[in-house]
Amino acid sequence: MPSGKFQNLPAISGGILVFLAALSIYLATIAPTLSWGRDQMGVDGGDLLAAVETLGIPHPSGYPTYVIALKLFATVVPVGDLAFRGNLFSALLSAGTALLIYMVILRTSYLVLPSCPAYLRIFSGLIGAISFAATPLFWSQAIITEVYALNAFFSAALVLLACFLHGSTHEKAESSLNSNKILLILFAFVAGISAGNHLTILSLTVPLVILLWSDLGRSRLLSFPVIISLIVGLSVYLYLPLRAAQHPAINWGDAASVGGIFWMTTASMYQEYVFGVGWEDLPDRLFSWVEITFQQFNPLGLFMGLLGLHWSFLKLRKYTIALLVPMVWLTIFSVSYRTFDAQVLMVVPFLLFSGFVGLGVLRSLSSIQEAFTGWQGSPTNQNGVRGNFAAGILVGLLGLVVIAVLPGTLVGLNFNDQNLRDNRDAYTHAQNRLEGVIGGSVILLKAEQDVFPVWYMTYVEETDSDLAPIAVRLLGYEWYREHINRLYPLRVPSSLSQDVSLAIEDLVGHNRGIGRQVYFSYWQPSINEVFELEKAGMNWRALLK
């Protein structure tokens, strides 16, 4: 790093403490296997894990960075089943994110208050970082298999790099300029490869690029090494057409074609949910999001964050605005996004706010110290040593209060709610769903809570079952009908109707004709009008009338 401020034992020790503290609470509460997460905000895990196992392509936008990274991690760290490795991957990334936030707070605290004692910077960094690590929303994503831990890690890395680049624009030393070149190249690479994990990171990347454009100028930002680094990062998207052409078992969207790539990368199937919350539902939605925000930081944390935000705006206006833009935009997007788990999109705004929490803590404690220092040097003070000692005691006591109220309270209040160490609901549900299902059969699945866990069991755990798990809601897509026909040519006719109801009739009729069983994970009257359904464990077996 260009600044030597981090190159000291106390700061390094503080970073290690942050990482270990965050990792400890995650490992103490981590899900042991496949999980739906808290409040079922992790139902995508089965889809992601099946894609990792088969080197396939999960739901839009395909998440190539995540699939490749988890595949490498799971190969190198063969601990537990694949689902546990996915959970462990999230835990390590989340602890790493807390460490990066700590470093961001150290760096920004130096920029806004260069004369501040190092111990106050370190303490403030610890409070901000661990407070974020213990926020219930981020914690819920840190102990399951999901893409949001990696997205948070990339977000924190981009902010840290931008913070260094922005803060060193006035450093004229040749070594500083050379370091800036390296950091800018690294920023471009992270910006590119992070887009391959979750596209919402663009809401952070774009304002940071505008900030760096203003600081460094167009020639540096568009230099050949920077552009090449960005392209290398973005090249992760080549995974989609290359693997789609190999027809893996999990292969959403037919990304081997131009239309398929566009459909995947633009997440076309989810666009109807964007700004999909109606005006009549908006007040309740806003109230829920305010409640969620208070749950993350509590009143003291919110006060410290707003104090730090104001201070940062006065000292680092352009940098602060570059962070405020994604915070506001992602909040609006999350509130208006019509899905039951839209609140997870608030992870990055809360991450950015936690940096301001650290600055608010620093502002409070440094102001107290300055007040006592001023009193100590005043003509009326007859005992400067005693005043200095009293100032240290008071700052220490207030620091203990902050620790107790912010990270201490968050950990204490949220531990039981976030604890998934004995939770095997998703895994058990998949086992029960497949219990009694005859090998070589077709099972029609509707809800994601059925589809994704069964995909995990079929393509990861029980690969010899020769089961054909069909996602009913995808039968309306031509690419999916072609995909399952290619996977199961004997059980899926090539002439499936694009009408879902008719496609189901085609599937059942075809399989009954060749002596194959067809199971439904759900029952509804329209199906029962065409087929006689008999209960078979958790499922219903279809018989032609």
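For the structure, see preceding data.
I will try to describe carefully the structure that is included in this document. (Residues numbered from 1 in each chain as written. Predicted model: local features only at pLDDT ≥ 70, side-chain atom pairs only at ≥ 80, totals over all residues. Heavy atoms only, no water.)

### A few points about helix α11 (residues 224–234)
Here is the rule we go by: Buried means the residue's accessible area, taken with a 1.4 Å probe over protein chains only, is under 20% of the maximum for its type, while exposed means over 50%, and partly exposed covers the values in between. Each helix is a run of DSSP H or I of at least 4 residues and each strand a run of E of at least 2, with the numbering of both proceeding from the N terminus. What the arc measures is the spread of directions leading from the helix axis to the C-beta atoms.
Taken residue by residue, α11 has Val-226, Ser-229 and Gly-233 as its buried positions. Viewed end-on, α11 has its buried residues packed into an arc of 65 degrees, placing them on one side of the element.

### Overview of the packing of helix α3 (residues 64–76) against helix α4 (residues 82–112)
Short version of the rule: The angle between two axes is taken between their N-to-C directions and runs from 0 to 180 degrees, where each axis is a line fitted to C-alpha atoms and a helix contributes only its stretch in contact. An angle below 35 degrees is read as roughly parallel, one above 145 as roughly antiparallel, one from 65 to 115 as roughly perpendicular, and any other as oblique. Note on contacts: a residue pair qualifies if any of its non-hydrogen atoms lie within 4.5 Å across the two residues. For this classification, Asp, Glu, Lys and Arg are treated as charged, while Ala, Val, Leu, Ile, Met, Phe, Trp, Tyr, Cys and Pro are nonpolar and the rest, including Gly, are polar.
Following both chains from N to C, one finds α3 and α4 inclined at 110 degrees, their axes separated by 10 Å at the closest point. Looking at the two axes, α3 sits roughly perpendicular to α4. Mapping the contact onto sequence places Tyr-66, Ala-69, Leu-70, Phe-73 and Ala-74 in α3 and Leu-82, Arg-85, Gly-86, Leu-88, Phe-89 and Leu-92 in α4. Residue composition of the contact of α3 with α4, by class: nine nonpolar, one polar and one charged.

### Section: the packing of helix α9 (residues 202–216) against helix α15 (residues 317–336)
Put simply, the test is: The sense of a crossing depends on the near helix, which, turned anticlockwise from the far helix by less than a right angle, makes the crossing left-handed and, turned clockwise, makes it right-handed.
Closest axis-to-axis distance for the α9/α15 pair is 8 Å, and the angle between their directions is 160 degrees. As the angle between them shows, α9 and α15 are arranged roughly antiparallel. Handedness of the crossing formed by α9 with α15: right-handed. For the pair α9 and α15, contact is made by Ser-203, Leu-204, Pro-207, Leu-208, Leu-211, Ser-214 and Asp-215 and by Lys-318, Tyr-319, Ala-322, Leu-323, Val-325, Pro-326, Trp-329 and Leu-330, respectively. Split into classes, the residues belonging to the contact of α9 with α15 amount to eleven nonpolar, two polar and two charged.

### Quick word on the pattern of salt bridges
The line we're drawing: What counts as a salt bridge is simple: a side-chain nitrogen of Lys or Arg found within 4 Å of a carboxyl oxygen of Asp or Glu.
By the definition in use, this model includes five salt bridges. Of the charged contacts, one joins Asp-39 and Arg-38 as a salt bridge, the two residues approaching to 3.5 Å between their closest N and O atoms.

### Let's talk about the environment of Phe-224
Within the element layout of this structure, Phe-224 appears in helix α11. Measuring from C-alpha to C-alpha, the distance between Phe-224 and Ile-185 comes to 9.7 Å, with 39 residues separating the pair along the chain.

### Overview of the pairing of strand β2 (residues 468–471)
Consecutive residues of a regular strand have side chains that alternate between opposite faces of the sheet. Condition: Strands are labelled as partners when DSSP assigns at least two bridges between them.
Where burial is concerned, the two faces of β2 agree: the one with Ala-468 and Ile-470 and the one with Pro-469 and Ala-471 are both buried. Of the strand pairs in this sheet, strand β1 (residues 442–445) and β2 are connected by four bridges, and their pairing is parallel. By the bridge assignment, Ile-443 is partnered in β2 with Pro-469.

### Points about a nonpolar patch on the surface
What counts is decided by this rule: Grouping into patches uses exposed residues only, defined as over 30% relative accessible area, and leaves out salt-bridged ones; the cut-off is 9 Å for like charges and 5 Å for nonpolar side chains (Val, Leu, Ile, Met, Phe, Trp, Tyr). Here the accessible surface of atoms and residues is derived via Shrake-Rupley with a 1.4 Å probe, and residues count as covered only by protein chains that are part of the display.
Judged by side-chain polarity, Phe-224, Ile-228, Ile-231 and Val-232 come together as a nonpolar surface patch covering roughly 400 Å² of accessible area. For Phe-224, a relative accessible area of 65% corresponds to the exposed category.

### Quick look at empty space enclosed by the protein
Put simply, the rule reads: The definitions used throughout rest on a 1 Å grid laid over the protein atoms alone, on which a cavity is an enclosed set of points accommodating a 1.4 Å probe that cannot get out and a pocket is an open set flanked by protein within 12 Å on both sides along at least five of seven lines; lining residues are those having an atom within 4 Å of a point. Grid points are joined across faces, edges and corners, and a volume is the space filled by probe spheres set on the points.
The tally for this structure, following the rule as stated, stands at three cavities of 30 Å³ or more. Size it by volume and the largest cavity reaches roughly 110 Å³. In terms of lining, the largest cavity is formed by Ile-101, Val-104, Thr-108, Val-159, Tyr-319, Leu-323, Leu-351, Leu-352, Ser-354, Gly-355, Phe-356 and Leu-359. Elements supplying a minimum of two residues to the lining of the largest cavity: α4, α15 and α16 (347–376). The biggest single contributor to the lining of the largest cavity is α16, with six residues. By residue class, the composition of the lining of the largest cavity is nine nonpolar, three polar and no charged. Approximately 80 Å³ is the volume found for the second largest cavity.

All quantities given are derived from atomic positions and should not be read as evidence of function.
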